[in-house]
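# Observations on the model geometry
Spelled out from the first residue to the last, the chains are:
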Amino acid sequence: MKKFAIAAASVFMLAGVAACGESAADKAAEKQADAIEATGEARADQLEAQAATAPTEAQKDALNAQADQVEKNADRKADRVEQQGGNADGGMTTSNTPSTH
């Protein structure tokens, strides 16, 4: 438990240091990207719950595939938003921004 607390404190401190170099646009983009990912994950969870109660294996597979695609699409959109936010400040903080390649 003590190791976990130390690790959590370290991560928190590192996140604080990393945030020092972020612009307002970068922070806003990150919040927006987090919201996009959360929405995509929630929708994927709904689809997976439907899949769990699907009457046929084909329907279950289709719903699970749809859930996977929803999550992938949300992740891609979130990455684009973060990239654009990093570029909004003239590239000053793009070293930690994911690439959309």
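Residues numbered from 1 in each chain as written. Predicted model: local features only at pLDDT ≥ 70, side-chain atom pairs only at ≥ 80, totals over all residues. Heavy atoms only, no water.

## Re the overall build of the protein chain
Along the backbone of the protein chain there are 3 helices and 0 strands. What you see in the protein chain, going N to C, is helices and strands ordered as α-α-α. For the protein chain, with 101 residues in total, the buried portion stands at 23%. Within the protein chain, counting contacts between residues at least 6 apart in sequence, those at least 24 apart form 52% of the total. Carbon and sulfur atoms make up 59% of the accessible area of the protein chain, which totals about 7,100 Å². (Helix = DSSP H or I, 4+ residues; strand = E, 2+ residues; numbered from the N terminus. Buried < 20%, exposed > 50% of the residue type's maximum accessible area, 1.4 Å probe, protein only. Contact = heavy atoms within 4.5 Å. Areas by Shrake-Rupley, 256 points an atom, 1.4 Å probe, with all protein chains shown as cover.)

## Looking at the environment of Leu47
Here Leu47 lies in helix H2 (residues 24–52). Exposure remark for Leu47: the relative accessible area of 2% places this residue in the buried category. Once you skip the residues sitting within four places of it in the chain, Leu47 turns out to touch Leu63, Gln66, Ala67 and Val70.

## Some words on the confidence of the model for the protein chain
Should the pLDDT be low somewhere, the predicted coordinates at that spot are not to be read in detail. Scored by pLDDT, the protein chain has a mean of 80; 64% of the residues are at 70 or more. Summarising per-element confidence for the protein chain, the mean pLDDT is lowest in helix H1 (residues 2–19) (53) and highest in H2 (95). (pLDDT = per-residue confidence, 0-100.)

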